[in-house]
Amino acid sequence: MVVGVHEVEVFERSRARLEAIAYRLLGSASDAEDAVQDTFVRWHAADHELVETPEAWLTKVLTNICLNQLTSARARRESYVGQWLPEPVFAGDRMFGPADTVEQRESVSIAMLTLMERLTARERVVYVLREAFGYSHGEIADMLELTESNCYQIYRRAKQHLASDRTRREVDDAAARKVVEEFLAAALSGDTDALVRMLADDAISAGDGGGVVFSLPEPVTGALRVARFLRRLFEATEGKWAMIGGRADMFAAVANGVPALVITVGERIVGIITLEVTTEGITAVHTQANPAKLDRATRHWAVSEHPDPLTTGW
């Protein structure tokens, strides 16, 4: 069946929302792009006269594609080299999606996307559609071919798995820059105590190099151990410059709704460090250095305005 201009326009009006849903479900921008493209292929082949509500139809198709991808992704991640972390996206990227409520902002943080890996595929779908996009249990049940009561039970289990007693600090761009400036100053100073003061007692540091860039196989835990690790990480050495391809510039930014340190060599992003900030201090330092997970961020960075670097030639 030939897709007319109207049908293409209908799909394009939903693309941003579909990408935002797929990203939260998969934690990968590239996988989300593939899922949305697969949805378009199925839309292309559909009998549009039988589709009463295109938005609901597209969301249902995308959701089920993501369910299948989540099952296969779980198997792939079991053989992943080192730690697996989600792919970061900057504010302004349409995959970032809605951010009007605390729940919506929380659902796209690296910490939450990582935590959602513990959920079953169905729990993750129900949680994301309900918490981040406001779909009713009836609507979600229809998408997944469940009863409404079963859908509610799945949502309640997911909420329990993800419950936290921490209060996350909401930060605007200016506050995020201040956090990143203080973090970088402490990290470059070589003063372990300065870093410890910024960290929560049970802070963690995790990094994803994808087997391409060196990263530790397990997270570092505890404020003192994390501070010592970060101090070594930020020591400027010939070995580090060789690993990332040259001397780097560092910028303050916001990625996934939290303060982020962006590390670039030339026009290429070689690392994004996101800082999960709560009233107790920085609870998580997530470093994404896998080149395959920095392509979209690099493209977005190249065409967007960003502030002057905090430091150059590191």
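Predicted model, so just to flag it, every value in this text is computed and none were measured.

## Focus: the overall build of the protein chain
Within the protein chain one finds 13 helices and six strands. Each principal axis of the C-alpha atoms in the protein chain carries an extent, and together these give about 65 × 40 × 40 Å. Residues counted as buried form 51% of the 314 residues belonging to the protein chain. For the protein chain, the share of sequence-separated contacts (at least 6 apart) that also reach a separation of at least 24 residues comes to 69%. On the protein chain, roughly 14800 Å² of surface is accessible, and the fraction owed to carbon and sulfur atoms is 51%. With 34 positive and 46 negative side-chain charges, the protein chain shows a separation of 5 Å between the mean positions of the two kinds.

## Structural notes on the domain arrangement of the protein chain
Under the domain assignment used here, the protein chain contains domain 1 (5–162) and domain 2 (173–303). Spacing between the C-alpha centres of domain 1 and domain 2 amounts to 27 Å. Each side of the interface is counted separately: domain 1 has 26 residues, and domain 2 has 30 residues. Carbon and sulfur atoms supply 54% of the area buried between domain 1 and domain 2, which totals about 2200 Å² over both sides. The largest contributions to the domain 1 side of the interface with domain 2 come from Gln83, Leu85 and Phe90, which together make up 36% of the buried area. On inspection of domain 1 and its partner domain 2, the count reaches four salt bridges.

## A closer look at the UniProt feature "domain: RNA polymerase sigma factor 70 region 4 type" (unreviewed entry) in the protein chain
Here, UniProt's "domain: RNA polymerase sigma factor 70 region 4 type" (unreviewed entry) annotation points to residues 111–162. Here residues 111–162 runs as 75% helix and 0% strand, with 11 Å between its end C-alpha atoms.

## Digging into the nonpolar core
Core analysis: the biggest nonpolar cluster contains 50 residues, and Leu62 and Met116 have the highest contact counts within it. Mapped onto this core, the elements with two or more residues apiece are α1 (5–26), α2 (29–45), α3 (54–78), α5 (110–115), α6 (121–131), α7 (137–144) and α8 (148–162). Among the elements that line this core, the one with the most residues is α1, at nine residues. Setting aside residues no more than four positions away along its own chain, methionine 116 makes contact with Arg24, Ser107, Arg124, Tyr127, Val128 and Leu162. With 33 residues, the next largest nonpolar core counts Val179, Leu184, Leu195 and Ala248 among its residues.

## A look at the pattern of salt bridges
In the structure shown here, the tally under the stated rule is 14 salt bridges. Arginine 296 is the partner of glutamate 33 in a salt bridge, and the nearest nitrogen-oxygen pair spans 2.4 Å. Placement of the pair is glutamate 33 in helix α2 and arginine 296 in helix α13 (residues 295–303), with a sequence separation of 263 residues. Look at glutamate 33 and you get partly exposed, because its relative accessible area is 30%. Of the residues examined, arginine 296 reaches a relative accessible area of 13% and is grouped as buried. Residues arginine 296 and aspartate 93 are paired through a salt bridge, measuring 2.8 Å at the closest nitrogen-oxygen approach. Of this pair, arginine 296 sits in helix α13 while aspartate 93 sits in the loop between α3 and α4 (102–107), and the two are 203 residues apart along the sequence. Each of Glu19, Glu33, Asp93, Arg94, Arg296 and Arg299 takes part in salt bridges that share partners, so that together they form one network.

Quick notes on the rules
Residues numbered from 1 in each chain as written. Predicted model: local features only at pLDDT ≥ 70, side-chain atom pairs only at ≥ 80, totals over all residues. Heavy atoms only, no water. Helix = DSSP H or I, 4+ residues; strand = E, 2+ residues; numbered from the N terminus. Buried < 20%, exposed > 50% of the residue type's maximum accessible area, 1.4 Å probe, protein only. Contact = heavy atoms within 4.5 Å. Areas by Shrake-Rupley, 256 points an atom, 1.4 Å probe, with all protein chains shown as cover. Lys, Arg positive; Asp, Glu negative; His and termini not counted. Charge placed at Lys NZ, Arg CZ, Asp CG, Glu CD. Domains from an automatic or database assignment. Buried area = accessible area lost by both parts, 1.4 Å probe. Salt bridge = Lys/Arg side-chain N within 4 Å of Asp/Glu carboxyl O. UniProt positions renumbered as here; feature names shortened; annotations may be inferred. Core = buried A, V, L, I, M, F, W, Y, C linked by side-chain atoms within 4.5 Å.

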